[in-house]
Amino acid sequence: MAAWDLTVTVEDLGPDAPPLQISVTSDLHIGGVILKLVEQTNLKRDWSDHALWWEQKQQWLLRTGWTLDKCGVHADARLIFTPQHKPLRLGLPNGATLKMRACFSSPVFRTVMGICRVLNLRHPEELSLLRPVEEKKKKKDKDSSEELYDLTDVPLTAGSVQALYNGMPAHFADSPKTEAVYKMLSVSLPSPAPEAIAKLYRPASIVDKTHIHTRWLDSSRSLMQQGIQENDKLGLRFKYYTFHDMDPKYDAVRLTQLYEQARWAILLEDIDCTEEEMMLFGALQYHIGKQSLSQDMVSSCQGMDDLESALKSLEVKMVGDGNSTDMLDNMTAPELNDHLKIFRPKRLTLKGYKQYWCKFQETSISYYKSKEDRYGEPIQQLNLKGCEVAPDVNVAGQKFCIKLLIPAPEGMNEIYLRCENEKQYSQWMAACKLASKGLTLLDSSYQSEVQNIQTFLSMQRSSSAAPTSQTDESINTHSLVSPRYQKKYKPKQLTPRILEAYQNIAQLSLTSAILKFLQIWQALPDFGISYFMVRFKGSRKDEVLGIANNRLIRIDLGVGDVVKTWRYSNMRQWNVNWDIRQVAIEFDGNINIAFGCVNADCKVVHEYIGGYIFMSTRARQQSDTLNEELFHKLTGGHEAL
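Residues numbered from 1 in each chain as written. Predicted model: local features only at pLDDT ≥ 70, side-chain atom pairs only at ≥ 80, totals over all residues. Heavy atoms only, no water.

## Here we look at the sheet that holds strand β24 (residues 571-577)
Argument step 1. Ordered in space as β23-β22-β21-β20-β26-β25-β24, the seven strands form an open sheet in which the pairing is antiparallel. Each edge of the open sheet carries a strand with a single partner, namely β23 (562-567) and β24. Geometrically, the sheet is characterised by an average inter-axis angle of 30° between neighbouring strands, direction not taken into account. (Pairing = 2+ DSSP bridges. Helix = DSSP H or I, 4+ residues; strand = E, 2+ residues; numbered from the N terminus. Axes fitted to C-alpha atoms, helices over the stretch in contact; angles between N-to-C directions.)

## A closer look at the packing of helix α8 (residues 275-294) against helix α15 (residues 510-523)
The description of two packed helices rests on the angle between their axes and on the distance between the axes.
Argument step 1. Where α8 contacts α15, the axes come no closer than 9 Å and their chain directions differ by 155°. In terms of axis orientation, α8 runs roughly antiparallel to α15. Relative to α15, the crossing made by α8 is left-handed. Residues L280, F281, L284, Q285, H287, I288, Q291 and S292 of α8 lie in contact with α15, whose contacting residues are L510, A513, I514, K516, F517, I520 and W521. (Parallel < 35°, antiparallel > 145°, perpendicular 65-115°, else oblique. Left-handed = near helix turned anticlockwise from the far one by under 90°. Contact = heavy atoms within 4.5 Å.)

## Focus: the sheet that holds strand β13 (residues 336-343)
Argument step 1. One open sheet accounts for seven strands, arranged β16-β15-β14-β13-β19-β18-β17; its pairing is antiparallel. Either end of the sheet is taken by a strand with one partner, and the two such strands are β16 (380-383) and β17 (388-394). Going from strand to strand, the sheet's axes swing by 35° on average, the running direction of each strand aside.
Argument step 2. The pairing of β17 with strand β18 (residues 399-408) spans seven bridges and is classified as antiparallel. Bridged to D392 within β18 is C401.
Argument step 3. Relative to the sheet, helix α11 (residues 422-436) contacts β13, β14 (354-361), β15 (364-368), β17, β18 and β19 (411-419), its axis offset from that of β13 by approximately 90°.

## Things to note about the packing of aromatic side chains
Argument step 1. Scanning the entire structure with this criterion turns up 28 aromatic pairs.
Argument step 2. A ring pair is formed by Y259 and F517, whose centres lie 4.9 Å apart and whose planes are at 80°; its orientation type is edge-to-face. Linking Y259 in helix α7 (residues 252-267) with F517 in helix α15, this pair joins segments that are 258 residues apart in sequence.
Argument step 3. Taken together, the ring pairs connect W216, Y240, F532, Y568, Y608 and Y612 into an aromatic cluster. (Phe/Tyr/Trp six-rings, centres within 6.5 Å; stacked < 30°, edge-to-face > 60°.)

## Here we look at the environment of A77
Argument step 1. Mapped onto the fold, A77 is located in the loop between α2 (68-71) and β5 (78-83).
Argument step 2. Discounting residues that sit within four places of it in the chain, A77 has contacts with L6, T7, W54 and Q56.

## Observations concerning the packing of α7 against α8
Argument step 1. Close contact between α7 and α8 brings their axes to 12 Å; oriented N to C, the two are set at 140°. On the basis of the axis angle, α7 is oblique to α8. The handedness of the crossing between α7 and α8 comes out as left-handed. Residues Y259, R263, I266 and L267 of α7 form the contact with α8, whose participating residues are M278, F281, Q285 and I288.
Argument step 2. Residue composition of the contact of α7 with α8, by class: six nonpolar, one polar and one charged. (Nonpolar A, V, L, I, M, F, W, Y, C, P; charged D, E, K, R; others polar.)

## Some words on unusual backbone geometry
Argument step 1. Phi angles above zero are rare outside glycine, and N231 is one such case at about 65°.
Argument step 2. Relative to the assigned elements, N231 resides in the loop between α6 (206-212) and β12 (233-238).
Argument step 3. One non-glycine residue, Q398, lies in positive phi territory at about 55°.

## Concerning the pattern of salt bridges
Argument step 1. By the definition in use, this model includes 29 salt bridges.
Argument step 2. The closest approach of N and O atoms between R221 and D218, which form a salt bridge, is 3.9 Å.
Argument step 3. The shortest N-O distance in the salt bridge between E543 and R554 comes to 2.8 Å. Of the two residues, E543 is situated in strand β21 (residues 543-547) and R554 in strand β22 (residues 551-555); the sequence distance between them amounts to 11 residues.
Argument step 4. In this structure E543 comes out as buried when scored by relative accessible area, which is 4%.
Argument step 5. Three or more residues joined by partner-sharing salt bridges are found here, namely R122, E125, E126, D245, D251, R254 and R618. (Salt bridge = Lys/Arg side-chain N within 4 Å of Asp/Glu carboxyl O. Buried < 20%, exposed > 50% of the residue type's maximum accessible area, 1.4 Å probe, protein only.)

## A look at the side chain of S366
Argument step 1. Inspection of the secondary structure assignment puts S366 in strand β15.
Argument step 2. Owing to a relative accessible area of 8%, S366 belongs among the buried residues under this scheme.
Argument step 3. In contact with S366, not counting residues within four places along its chain, are W357, C358, K359, P378, Q380 and Q381.

## Quick notes on the pairing of β22
Argument step 1. β22 sits mainly inside the fold: four of its five residues count as buried.
Argument step 2. Relative to β22, β21 is paired through four bridges, and the arrangement is antiparallel. The residue of β22 that forms the bridge with G546 is I553.
Argument step 3. Taken together, β21 and the strand that follows it, β22, pair antiparallel across an intervening segment of three residues.
Argument step 4. Between the antiparallel neighbours β22 and β23 lie six residues, among them G560 with a positive phi of about 75°.

## Concerning the pairing of strand β1 (residues 4-10)
Argument step 1. Because side chains alternate across β1, one face comprises the buried residues W4, L6, V8 and V10, and the other comprises D5, T7 and T9, none of which is buried.
Argument step 2. In terms of strand pairing, β1 meets strand β2 (residues 20-24) through five bridges, oriented antiparallel. When the bridges of β2 are listed, T7 appears paired with Q21.
Argument step 3. As judged from the four bridges shared by β1 and β5, these two strands associate in the parallel manner. Note that in β5 the partner of T7 across the bridge is R78.

It is worth stressing that arrangement in space is one thing and function is another; only the former is reported here.
Shown next, in the form of structure tokens:
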């Protein structure tokens, strides 16, 4: 075979060095090319991490046994011989920036696994990398360089379980510098000044929220293939809101970073909450901040007992427990019966709430004109399976309402239930929440759900016995609430309200407080929804698609209302037409939907849906190893197959 010259740039020779020419034949394998290159450089060093990157094709040549001919490399190819692991600047959920090595040649899914291994984050499949928001460069800010935590010297270990030393992974215990990094990762950072919060990017509308999710990287391609260069900045965030197997003993970093992400979502108004909830979030942040300052990492293992119960309720339940069948035989199905006020907002009606006798059985509510009519036909029966449930509560004003959006063929029907008191509200709210997942009052989680709702309400109650006149000078209230409430109230109005809420939680340990914060965050109606701008097939206007861990939501842009909900449990199949970049989904009952994405790549949406379905398979697999192949099958594009 004829020999020909191949041009290769070797990065280690410096930026100005000319590319090397090596004489090769088409049947030479990639390993042989690398061997020739290394001999020609005359540099003595460890080349094991280096590989060839083909610039024009934007791909790595990682299969060293393949010949040049099989790879399709000819004399016009420009190859670069470069390390596969390069430094990357990572913006963490807590706002700090970390510099560390990451793999630029493997799919991003595996790169994230490597990063999480170093940071001691379990379940890396829940996280991913995204491009940062473009920052506008100001001339006077030229010299303000951000504080970098450096971890580039930490070797990337192969083992998945870290050896713990003094409660932290061994590779952090090497030097005071790395210990400081671990402290930054595992202990919540103090609240920033309100001015700093005001400078940060805040989504003003649901359209802005759709832009955030266009920036996720593609999990099935490498960093280099997506145009990421050495020392670029990327954000590391929790992407899928299903948190599997939280254990404070091992998950110090994971809990803290998740708390930070939740806290910033609330402070920057990514997720809406009521005023009372905001005061409680403020009090919890204040408490967590105070505890974090006074607490050492090693001593944070106390308070494990009350954690067990908090943890059980924190885990998102996918299915009811299987042990309830033996109870069924000797027990009639429980039901709730009570007077409730019902309001159906129809257009052009001004009628308010009307009292009915309501009966909750299985997963539906039937209501009657009066208690005496309860043996006849109900006025209406509402089946709550697959509905949206949202609280509409003001504890101080004694308002306890449940807002239901019930799926109907033409869209969603809106209904409000008004309860008399906290006890009644807790029971009915818990029942509605379970019914929306298709679970009945028999389910073992019903009682704990009632309990959770009651505790949450009691936290919002003002304890009149405690002297609320006390003021704490160290409390910077404006950095505990979102800008909307900073504008609405002066600090001296906020401080007593936050301290009042603080009375109810002051006795919680640090970890319990973080878990309580996450639990309340998970109970918000808009929790865990990622928004995308789409255009449905046959529609002329742009709409918003919300993707959550168990359902897809169609939202009207004009009014911001939920138009329709589809559950994954009813999904038969989904596929993507990559040529016209359209996602098509088929649900039970011959329901077919199809849409194209307006501002995101449809691969991002496809990956989100596949990712959530992958997350729901984890509970069934008892082994610790991740089924990476299944993830790529569910989320990869046509390249993955």
